[in-house]
Amino acid sequence: MQSIAVISPSSRLTTTLTSIVEGKTLPIIIAEASQQTAVETARGLIEQGASVLISRGKTAELLRTHFNVPVVEVRHTFFDCFNAWTHARKIADKVVFLATSEGYQEILNKSRPFMQDVRVCAIDPFDTPQETERSIQRLVAEGFKVAIGGLSLQQSVTSHGLHYVMSYADEDSALEAVNEALHQLRIEQERAEKRIELESRYTMIDTIFNCVSEGIFSIDRSGIVTNMNAVAREMLLPLLPGQALQDSTLLNNVQLVFEGGSALNGVLVEAGHMPLTVNIAPIILDEQVVGAVCTLQKQQEIKTLEQKMRRLSARAHIAEKTFTDIIGNSTALQQVKQLALRFAATDSTVMIEGETGSGKELFAQGIHNASKRAGAPFVAINCAAFAPGVLESELFGYVKGAFTGALSEGKAGMFEMAHTGTIFLDEISETSPEIQLKLLRTIQERKVMRIGDSKVTPVDIRIITASNKDLPALIRQGRFREDFYYRICVLPLFLPPLRKRRLDIPELIAFIIQSQKLPSIRLNSAALTHLCQLDWPGNIRQLSNIVERLAVMAQGEQVDMPMLLLALQDSARMSLMGDETEHELDEASRIRQAFKQSNKNRALAAKLLGISTTTLWRKMKALGL
């Protein structure tokens, strides 16, 4: 049986990886080995069936040079670099990172703007001991007192009188390596299966040939049909294998493929007294077209298939994000992530509350993907984006003729699309009392009835709702049903706003730059401190806008306070360390200011405010603007 072997160069990494795989039935073997014994240890494990290796730094580079199997590296992250730098700064001001891999050097270069007076020195993992010694001696001569790096360089550095700080992998990085290795293992297993499949493929061709609903035949350069399935024989009667193709329209298109060497797709022809759609692909051997394969399908069957595909495409809802995509290591965020992970283990209804831009849908997707329903549909709908009548049809669907403009074949609603999976109802506060009553019944009974229908359809779904408003306050105002609130608020999850997790802002800035492929920006300490102290009413969505703006403005220059204040000149609405009540009172003036700055462009105004145009429209309506 194929497995994954971990060649751990340190006891710290061994402990981290052991805690990840402990209690799980994963095909992973963990072996601790020094750089000198890593190759022999790995060779023995590969002989026992290991087809993927996990290691770190210089050891990972070494294993890649010796074995023709995938080697997954436990990558360095901003978090472990920053932690090591913080520790080193307590020892001395001049700090140097010793980067023994391209990945380590890359993350260090990206992290450098957040670490003052730091130097990155690339050490080739395949340098001779003498060359490594010379590199360290140069650093000593330049006055460095403390170095940061991996286990392989510790002895060389300390022998020259330098303090040495180990760069340890954090748990998220180790977990990411395990997940990547599991993915590589699946690929290796699939390759092994394909090799077995190739051995029996030729015995299966005839079965496959006659199993498909399309007509298939092959033809050589002389125009002789060499093989054809039963469907093609029926379409092209009385043509049989071994005979020349006589249909002039088909033959002309085949000749075009022979001459041009390129496939023809979707050609409409009249053959065998019926309209057909034909695809023709050349058979190329030693760069020569030696024949072609043709597929035939009745045009009416294609129309029927397209209608089915349109209905199926509505069910192609997937959740792409997991909890590992939620960036940040602040206590507030980690606590809510742990609680969300517990919620994921159940099937109870979850209510996610948080300000706009704080990541409600990201958490909803994370809960879905950590649950037993992962892989099933994840259907999300913003309840504020639809008028009440339209929202009802979107949620519950309708039958043929239910109302003017309805599709002739009817339409499945979001609840039906989410069957066996999760439905995410965002901005649930914007639903009307009538919709809330229908939702209440659906949640209680797990059954839906399409508009205009008399029958009910059972649905097996997990329900997650979200709101950026105070629902109990809406209940007191008579704008939200109390019985509905208690039905959806079984497991409440309160997301911290960005101002409550300020320690995450540097890591979020680095992530935004990397994920959006923005030019790197360097903030001086005053600018970074100022950014961390802003109140961020638009939360992470607003932070992303500001980072993108700074990347454009900086053009490689260091971002100082004047440049930052210029980028924030339209953001006077963000008060330093202000309380939430002031934001609510000043909402109308913030919207007016945004419209003034955007020259009354609603889309740009919404972007400046860090909200969607739909939310902006709703706020303006509520404020009478």
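A closer look at the pattern of salt bridges
- Within this structure, the stated rule accounts for 21 salt bridges.
- For Arg499, the salt bridge identified is with Glu355, shortest N-O distance 2.3 Å. Of this pair, Arg499 sits in the loop between β22 (491–494) and α19 (505–515) while Glu355 is found in the loop between β14 (350–353) and α13 (360–369), placing the two residues 144 residues apart along the sequence.
- The shortest N-O distance in the salt bridge between Glu394 and Lys411 comes to 2.9 Å. Of this pair, Glu394 sits in helix α14 (residues 388–396) while Lys411 sits in strand β17 (residues 411–412), and the two are 17 residues apart along the sequence.

Focus: the packing of aromatic side chains
- The final tally for this structure, using the stated rule, is 8 aromatic pairs.
- Considering the side-chain rings of Phe378 and Phe424, the 6.3 Å spacing of their centres and the 20 degrees angle between planes classify their relative orientation as stacked. Taken together, the residues Phe378 in strand β15 (residues 378–382) and Phe424 in strand β18 (residues 422–426) connect sequence positions 46 residues apart.
- With a relative accessible area of 3%, Phe378 lands in the buried category.
- Overall, the relative accessible area of 0% leaves Phe424 in the buried class.
- A centroid spacing of 5.4 Å and a plane angle of 70 degrees characterise the contact between Tyr485 and Tyr486, whose relative ring orientation is edge-to-face.
- Take Tyr485: its relative accessible area is 12%, and that puts it in the buried class.
- Here the aromatic residues Phe78, Phe82, Trp85 and Phe114 are joined through ring pairs into a cluster of three or more.
- In this structure, Lys438 is placed above the aromatic ring of Phe396, and the distance from its NZ or CZ to the ring centre is 4.5 Å.

Here's the deal with the confidence of the model for the protein chain
- When pLDDT is averaged across the protein chain, the result is 84; 91% of the residues are at 70 or more.
- Taken element by element, the predicted model of the protein chain shows its lowest mean pLDDT in helix α23 (residues 580–585) (43) and its highest in β14 (96).
- The low-confidence segment residues 306–315, where pLDDT is below 50, has 4 contacts with residues more than four positions distant or belonging to other chains.
- Here residues 572–585 is a poorly scored stretch, pLDDT under 50, and it has 27 contacts once near neighbours within four places are set aside; other chains count.

Points about the packing of helix α2 (residues 38–47) against helix α3 (residues 57–66)
- For the pair α2 and α3, interaxial distance at closest approach is 10 Å and the crossing angle is 55 degrees. Relative to α3, α2 is oriented oblique. Here the hand of the crossing between α2 and α3 comes out right-handed. Contact residues: Ala38, Val39 and Ala42 in α2; Thr59, Leu62, Leu63 and His66 in α3.

What counts, and at which threshold
- Residues numbered from 1 in each chain as written.
- Predicted model: local features only at pLDDT ≥ 70, side-chain atom pairs only at ≥ 80, totals over all residues.
- Heavy atoms only, no water.
- Salt bridge = Lys/Arg side-chain N within 4 Å of Asp/Glu carboxyl O.
- Helix = DSSP H or I, 4+ residues; strand = E, 2+ residues; numbered from the N terminus.
- Phe/Tyr/Trp six-rings, centres within 6.5 Å; stacked < 30°, edge-to-face > 60°.
- Buried < 20%, exposed > 50% of the residue type's maximum accessible area, 1.4 Å probe, protein only.
- Lys NZ or Arg CZ within 6 Å of the ring centre and 35° of its normal.
- pLDDT = per-residue confidence, 0-100.
- Contact = heavy atoms within 4.5 Å.
- Axes fitted to C-alpha atoms, helices over the stretch in contact; angles between N-to-C directions.
- Parallel < 35°, antiparallel > 145°, perpendicular 65-115°, else oblique.
- Left-handed = near helix turned anticlockwise from the far one by under 90°.

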